[in-house]
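Observations on the three-dimensional arrangement
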Amino acid sequence: MKFSIFNFLLLNSSNDICDLPAINSRYSVYRTCSDVTITTMTLNWSTKAESVLPSRDLSGCIVVITGSNTGLGLETARVLCKQNALVVFACRDVEKAQQAVASLPPEYQTDVIRLDLASLSSVREFSRTFCSRYEKLDILINNAGVMASPYLKTSDGFELQFGVNYLGHFLLTKLLLPRLEAAPEGRVVNVSSMGHRLNLLNLDDLNCERYSKSRLYPIYYKWVQYGNSKVAQILHTIELNKRLRATGSRVNVYALHPGMILTNLFQYVSVIYWLMYLLLTFLCKTVEQGAATTVFCAIHPSVRNYSGGFFKDCKTMPPTLPRKAEEKAARLWELSEDLVREK
């Protein structure tokens, strides 16, 4: 597979979409579960998060957003708080999370609980703290992530991108599932990427040890490993949905591509890549636009029947998955349970 950063950027901004009939760019007047009338409107590439469903009152809803102190996470939190949800900022740096909260209007309902996705013990501690404070969880948004980092490992010995983007969120979701089940209609939203198309996922080498010392790792395999972590999130979405449907659960799960946005996710990208990126800024969304699909999957009633789906620009589209994806998703789940020691 030939690869360049130019290919990567185009993959992340592709507009080829495949709409399902009930979730296209228009929807009709109907009533939500909170009895709010929604008027006909258009949702597309340029839609801003606060325009997705501004009339929806989220009073009583409890939301957890990982990595919510900046970028897409903060914008998602701002919009949901504005609509009266209580948002828990799940962040590694508590001070930065508190600063983010301080930037919001004082009447917004917020909480801050430390979460370091690179540490499974921190994930467990977050779960214990959250469950001691709240009896239910309406929406879990797995938003935090790292991209194209050097070959680093988490405190538990997992490659950083795989550990943070996928495995930490896998454990977090598993631990919080009882609280999601306690909500009237729990939702899990996995913020993935079109970068999942770059994957060479090998279930026998999830840490990418085979290529870790390759001279090509800094310019090629670190992007592949990012793709591996993002396709793992999609496979997690598929397998979790399968298990939820088998038990008759009311919880739904979605994966999405937010778009190409200039955020601190690019902290590990070299100067050359930055220059190429800036040349393609016409393909980029603003943070306000990038958070739209996350908000759409989190609160819009029309996605109820599409649990397990992949979304882009507030529409469904088929992701590019490995061969025998369902079998791979099931095996990845079992391997992940062994890795996090949580059955």
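As shown above, the structure is provided for reference.
First, a word on scope: everything that follows refers to the structure included in this document. Remember, it's a predicted structure, so these values are computed and weren't measured experimentally.

**Examining the packing of helix α5 (residues 160-181) against helix α10 (residues 325-340)**
At their nearest, the axes of α5 and α10 sit 10 Å apart, and the two run at 85° to each other. When the axis of α5 is compared with that of α10, the two are roughly perpendicular. Between α5, through Phe 162, Tyr 166, Leu 167, Phe 170, Leu 171 and Lys 174, and α10, the contact on the second element is made entirely by Leu 332, Trp 333, Ser 336, Glu 337, Leu 339 and Val 340. Tallied by class, the residues present in the contact of α5 with α10 amount to nine nonpolar, one polar and two charged.

**Digging into the pattern of salt bridges**
Note on pairing: side chains with opposite charge can pair once their charged atoms come close. Applying the stated criterion to the full structure yields 15 salt bridges. For Arg 124, the salt bridge is made with Glu 342, and the minimal N-O distance between the two is 3.3 Å. Remark: Glu 342 occurs in the segment after α10 and Arg 124 occurs in helix α4 (residues 120-133); sequence separation between them is 218 residues. Residue class for Arg 124 comes out partly exposed when judged on its relative accessible area of 22%. A salt bridge links Arg 331 to Asp 204; the nearest nitrogen and oxygen atoms lie 2.8 Å apart. Taken together, the positions of Arg 331 in helix α10 and Asp 204 in the loop between β7 (187-191) and α6 (217-246) put the pair 127 residues apart, joining distant regions of the chain.

**Looking at the nonpolar core**
Among soluble globular proteins, nonpolar side chains are generally buried collectively. Core analysis: the largest hydrophobic core is formed by 46 residues, its most contacted members being Val 64, Val 88, Phe 126, Phe 130, Leu 137 and Leu 140. Put simply, the parts of the chain that give this core at least two residues each are β3 (62-66), β4 (86-91), α4, α5, α6 and α10. The greatest single-element share of this core, amounting to 11 residues, is contributed by α5. In contact with Val 64, not counting residues within four places along its chain, are Val 88, Ala 90, Phe 126, Phe 130, Leu 137, Ile 139, Leu 140 and Ile 141. Listed in part, the 40 residues of the second largest apolar core include Cys 91, Ala 100, Val 112 and Ile 141.

Cut-offs and rules
Residues numbered from 1 in each chain as written. Predicted model: local features only at pLDDT ≥ 70, side-chain atom pairs only at ≥ 80, totals over all residues. Heavy atoms only, no water. Axes fitted to C-alpha atoms, helices over the stretch in contact; angles between N-to-C directions. Helix = DSSP H or I, 4+ residues; strand = E, 2+ residues; numbered from the N terminus. Parallel < 35°, antiparallel > 145°, perpendicular 65-115°, else oblique. Contact = heavy atoms within 4.5 Å. Nonpolar A, V, L, I, M, F, W, Y, C, P; charged D, E, K, R; others polar. Salt bridge = Lys/Arg side-chain N within 4 Å of Asp/Glu carboxyl O. Buried < 20%, exposed > 50% of the residue type's maximum accessible area, 1.4 Å probe, protein only. Core = buried A, V, L, I, M, F, W, Y, C linked by side-chain atoms within 4.5 Å.

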